[in-house]
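So you can see what is in the structure, the chains are spelled out below.
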Amino acid sequence: MTLQPRTPAHRASADRLGRLLNLVPYLLARPGIRVAEAAADLGVTERQLREDLELLWVCGLPGYGPGDLIDMAFDGDRVTITYDAGIDRPLRLTQDEALALVVALRMLAETPGTGNRDAVERALAKIEGAAGDLADAPVAVRLPANAERLDAIRSAVEGGRALRLTYYTAARDETTERVVDPMRVLMVGARGYLEAWCRRAEATRLFRIDRIDAFAELAERAAPPAQAVPHDVTGGVFHPSGDLPLVTVRVGRGGRWITEYYPVEEVRRDGGGWVVAMRVTDLGWAQRLLLGLGADVTVLGPPELVDRIRAQAATALDQYAAPHPAPPRAAR
């Protein structure tokens with residue numbers, strides 16, 4: 001989950017949604033009310049209210065045809081709701097719906113960096129209080145992000161100083177040290193990231209919090225250059241591009257999970273398995289991933305990756321074929 005600040009546009013949309021949900025029962029209780037009077041009661045201009053009514057006209061139940069959409073009648077400057085699409089009924093959650101909402105709110109409350117945490121806690125208390133037995137439901141949400149490390153790095157970033165990181169790069173299976181100019185701390189999904197200008201790579205990088213083995217604040221101030229542009233993480237951290245290596249494999253049922261865990265460009269059925277095409281940033285990472293899948297995967301391309309995996313597999317087999325020295329005989 002990426003946590004973004006609430007902009008004026010976000011607040012305006014939220015205010016309008018609340019107003020629309022309140023508008024139908026309000027008008028049902030006051031058939032034939034003047035538009036100007038309703039606008040004054042709701043604290044909006046007459047023009048805004050008319051725009052809200054026009055939006056309601058295209059809202060309704062699935063099917064969205066005649067008889068499904070909210071309908072109203074105008075008589076001069078008066079308005080009457082003629083079909084409410086069920087919005088007049090108070091919301092009643094089933095036990096399953098309430099439990100799902102409780103889990104979602106508890107996850108949000110556990111997410112480091114969540115804004116408006118008080119509002120989340122209040123909503124959770126109301127739902128649990130109204131749901132009765134759910135207040136004691138055995139639901140415990142714990143996110144994999146290292147909350148203590150995340151808070152420590154956030155404090156360091158707020159201090160405005162450059163950091164020295166000891167960082168593990170999974171793609172290359174190596175640990176490196178680098179100096180970075182921090183820009184922000186963010187959450188993407190359930191993972192925390194430090195976004196910073198990396199002086200070693202001379203580019204903006206995202207560092208997973210749980211892969212930062214150690215960090216230290218330096219005396220110098222953080223100074224990201226003008227070209228340090230934040231990443232767009234709306235669709236996730238990894239955005240495969242056409243210039244990255246394209247890996248093609250055939251997987252069986254046991255390896256099908258990679259199509260759900262990693263971004264893929266193509267998945268097509270091939271006999272009893274699937275042919276999968278995916279972009280990767282590093283062939284070494286792909287080599288380790290595919291070797292770990294064992295006999296459930298056949299690498300089709302690129303040729304360089306096929307050769308590397310064949311060579312490593314042959315080396316491993318040679319180790320099994322080599323005779324082992326006999327253990328030393330015990331002295332008599």
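Going by the structure above, here's the rest.
My aim in this report is to walk through the structure given alongside it, one point at a time.

Cut-offs and rules
Residues numbered from 1 in each chain as written. Predicted model: local features only at pLDDT ≥ 70, side-chain atom pairs only at ≥ 80, totals over all residues. Heavy atoms only, no water. Pairing = 2+ DSSP bridges. Helix = DSSP H or I, 4+ residues; strand = E, 2+ residues; numbered from the N terminus. Buried < 20%, exposed > 50% of the residue type's maximum accessible area, 1.4 Å probe, protein only. Contact = heavy atoms within 4.5 Å. Polar contact = N/O pair within 3.5 Å; in protein donor to acceptor, adjacent residues only side chain to side chain. Salt bridge = Lys/Arg side-chain N within 4 Å of Asp/Glu carboxyl O. Phe/Tyr/Trp six-rings, centres within 6.5 Å; stacked < 30°, edge-to-face > 60°. Lys NZ or Arg CZ within 6 Å of the ring centre and 35° of its normal.

Taken together, the 3 strands give an open sheet; going across it, the order is E1-E3-E2, and neighbouring strands pair in antiparallel fashion. Looking at which strands have only one partner, the edges of the open sheet turn out to be strand E1 (33-34) and strand E2 (71-75). The pairing of E2 with strand E3 (residues 78-83) spans 5 bridges and is antiparallel. Looking across to E3, one finds that Ala-73 is bridged to Thr-80.

Okay, helix H8 (residues 283-293) next. Listed in full, the buried residues belonging to H8 are Leu-283, Gly-284, Ala-286, Gln-287, Leu-289, Leu-290 and Leu-293. The inward-facing, buried residues of H8 contact strand E9 (246-251), helix H7 (258-261), strand E12 (297-301) and helix H9 (303-321). For H8, the N-terminal capping position is held by Asp-282, with its side-chain oxygen 2.8 Å away from the main-chain nitrogen of Gly-284. Directly after H8, the chain includes Gly-294, whose backbone phi takes a positive value near 65°.

Attention now moves to the pattern of salt bridges. Inspection of the entire model under this criterion finds 13 salt bridges. In this structure, Arg-47 engages Glu-51 in a salt bridge whose closest nitrogen and oxygen atoms are separated by 3.5 Å. Of this pair, Arg-47 and Glu-51 both sit in helix H3 (residues 46-56), 4 residues apart, roughly one helical turn. Asp-151 is the salt-bridge partner of Arg-154, the closest N and O atoms lying 3.2 Å from each other. One end of the pair is Arg-154 and the other is Asp-151, both in helix H6 (residues 147-158) and 3 residues apart, which spans about a single turn. The exposure class assigned to Asp-151 is partly exposed, which follows from its relative accessible area of 41%.

Turning next to the packing of aromatic side chains. Per the stated rule, a full pass over the model turns up 1 aromatic pair. Where Tyr-167 meets Phe-207, the ring centres are 5.1 Å apart and the plane angle is 85°; that geometry is what we call edge-to-face. One end of the pair, Tyr-167, is in strand E4 (residues 161-169); the other, Phe-207, is in strand E7 (residues 203-208), with 40 residues separating them in the sequence. Accessibility assignment for this pair places Tyr-167 and Phe-207 in one class, buried. Above the face of the Trp-274 ring, Arg-256 is positioned so that its terminal group lies 4.9 Å from the ring centre.

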